[in-house]
Amino acid sequence: MTKRAIESLSDLQRAGLIPAPTSTLQDVADTFRIRMTPEMHKAGDAAVNAQFVPTEAEAVIRPEELYDPIGDAAFSPTAGLTHRYPDRVILHSTQTCEVYCRFCFRREGVGQEGALPDADMEKVLAYLRETSAVREVILTGGDPMVLSPRRIARLMQALAAIPHVDVIRFHTRVPVVAPQRITEALIEALDVRPAVFVVVHTNHAAEITEAASEALRRLTRAGIPLLSQSVLLRGINDDAQVLADLFRTLVRNRVKPYYLHHCDLARGTSHFRTTIAEGQKLMQTLRGDLSGIAMPTYVIDIPGGHGKVPLVSDYLTRTGTGRYRITDWRGGVHDYADPPREDPTSA
Ligand SMILES: *Cc1c(COP(=O)(O)O)cnc(C)c1O
Ligand code: SF4
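Not measured: the values here are computed from a predicted model.

Summing up its helical and strand segments, the chain has 11 helices and 12 strands in all. Taken over C-alpha atoms, the radius of gyration comes to 22 Å for the chain, in line with the 20 Å a tight globule of 347 residues would show. For the chain, the spread of C-alpha atoms along the principal axes amounts to about 70 × 50 × 40 Å. Within the chain, the fraction of its 347 residues that count as buried is 49%. Between the mean site of the 40 positive side-chain charges and the mean site of the 42 negative ones, the chain shows a separation of 3 Å.

Next up, the structure:
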């Protein structure tokens, strides 16, 4: 059991997580940074290890895979900011993470040291001040919760001073992978006028250790609403029972499952990707088994920067004007008719 994070192939070998690395694996390690926290090593679970331990499969780059799979770069008004939807922006406050996930859609950018430079942050804040359509600022990275509580406090104050910012949302893996970072000082920093939501990235129930559970509790006790996002990963959580376990564990920890992401087209990640049909089948199975509050929305980020849309299963077929056939969660089929409406064009 290591106290230090695992950050290299030799660390992984010492921890017994890989045999002697091949030159292919060395190439992978040179291209995509390695990091696994002691907490995740302690979890000691194959489905957890597979998210952080590099494999030779990452050397396989498929033609459809992209450097910028979700097309963030095309929507950046100033360094560190992505503004695709009118009412919300993504602020890349740092490129660093506590762990480096082998399937990360930002794997080309993450891992560079340091927070967004102050001069860039000033430009981001200036843009936000003059763009009153923006109601929500989503902090991501990298992982915004690797920043010091002091730095986070300063950013919270700056955002709180912009009257049209109603919501500040953190997308983070920290409460789960590095729970010791959820300190009193951090929680105090989050106590600002805009509503702070924390979206926890987690993919398997085995990640929610006792320490993670306690960190989530510290956040909910402070009145911070918690949501989750997970990535559908072949061989890790592409199983109805595994997903049901994850979502039930989250609800038990007062976390509302928000999104299940179809795995993005990042380079060297095809071994993690399921088909869309497999994802929809899993969601259909869960629909009957799981409480509605435990169900996330299955979404895809359309490659090329066209945004996120739900990958809804085909519950509804249109059979005529105002007439539908609806399939229930068991597969039963039912007819449905809208109330008659006068044709507005004939009025
Ligand atoms: C995902 C994403 C958001 C947030 O989308 P929600 O559906 O509100 O969670 C905002 N901006 C960009 C650029 C995104 O990729
Ligand atoms: S923590 Fe998030 S941003 Fe960082 S490597 Fe994992 S998925 Fe990517």
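So that's the structure; there's more coming.
Taken together, Ile70, Thr82, Arg84, Tyr85, Arg88, Ile90, Ile138, Arg169, Tyr258, Tyr259 and Lys308 make up the full set of residues adjacent to ligand 1. With respect to ligand 1, the side chain of Arg88 contributes an N or O atom lying 2.6 Å from an oxygen atom. Within the contact set of ligand 1, an oxygen atom lies 2.8 Å away from a side-chain nitrogen or oxygen of Arg169. Here ligand 1, which alone exposes 390 Å², has 93% of that area covered by the protein. Secondary structure elements with two or more residues in the shell around ligand 1: strand E1 (81–85), strand E2 (88–92) and strand E7 (255–262). Among the elements that take part in the shell around ligand 1, E1 stands out by supplying 3 residues, more than any other.

Turning next to the domain arrangement of the chain. According to the domain assignment, the chain consists of domain 1 (9–310) and domain 2 (316–346). Taking the mean C-alpha position of each, domain 1 and domain 2 sit 39 Å from one another.

With that settled, consider helix H6 (residues 149–160). Every α-helix winds through 3.6 residues per turn, so residues three or four apart in the chain are directed the same way. Along its 12 residues, H6 runs 16 Å from first to last C-alpha, staying within 8% of the 16 Å computed at 1.5 Å per residue. Considered for burial, the residues of H6 that qualify are Ile152, Leu155, Met156, Leu159 and Ala160. Down the axis, H6 shows its buried residues gathered within 130° of arc, on one side only. In H6, those exposed residues whose orientation departs by more than 90 degrees from the buried face are Arg150 and Gln157. Against E2, helix H5 (118–130), strand E3 (136–140), strand E4 (167–172), helix H8 (184–189) and strand E5 (195–201) lie the buried residues of H6.

Conventions and cut-offs
Residues numbered from 1 in each chain as written. Chains lettered and ligands numbered in written order. Predicted model: local features only at pLDDT ≥ 70, side-chain atom pairs only at ≥ 80, totals over all residues. Heavy atoms only, no water. Helix = DSSP H or I, 4+ residues; strand = E, 2+ residues; numbered from the N terminus. Rg over C-alpha atoms; globule rule 2.2 N^0.38 Å. Buried < 20%, exposed > 50% of the residue type's maximum accessible area, 1.4 Å probe, protein only. Lys, Arg positive; Asp, Glu negative; His and termini not counted. Charge placed at Lys NZ, Arg CZ, Asp CG, Glu CD. Near = heavy atom within 4 Å. Polar contact = N/O pair within 3.5 Å; in protein donor to acceptor, adjacent residues only side chain to side chain. Areas by Shrake-Rupley, 256 points an atom, 1.4 Å probe, with all protein chains shown as cover. Domains from an automatic or database assignment. Expected span 1.5 Å × (residues − 1). Arc of directions from axis to C-beta. Contact = heavy atoms within 4.5 Å.

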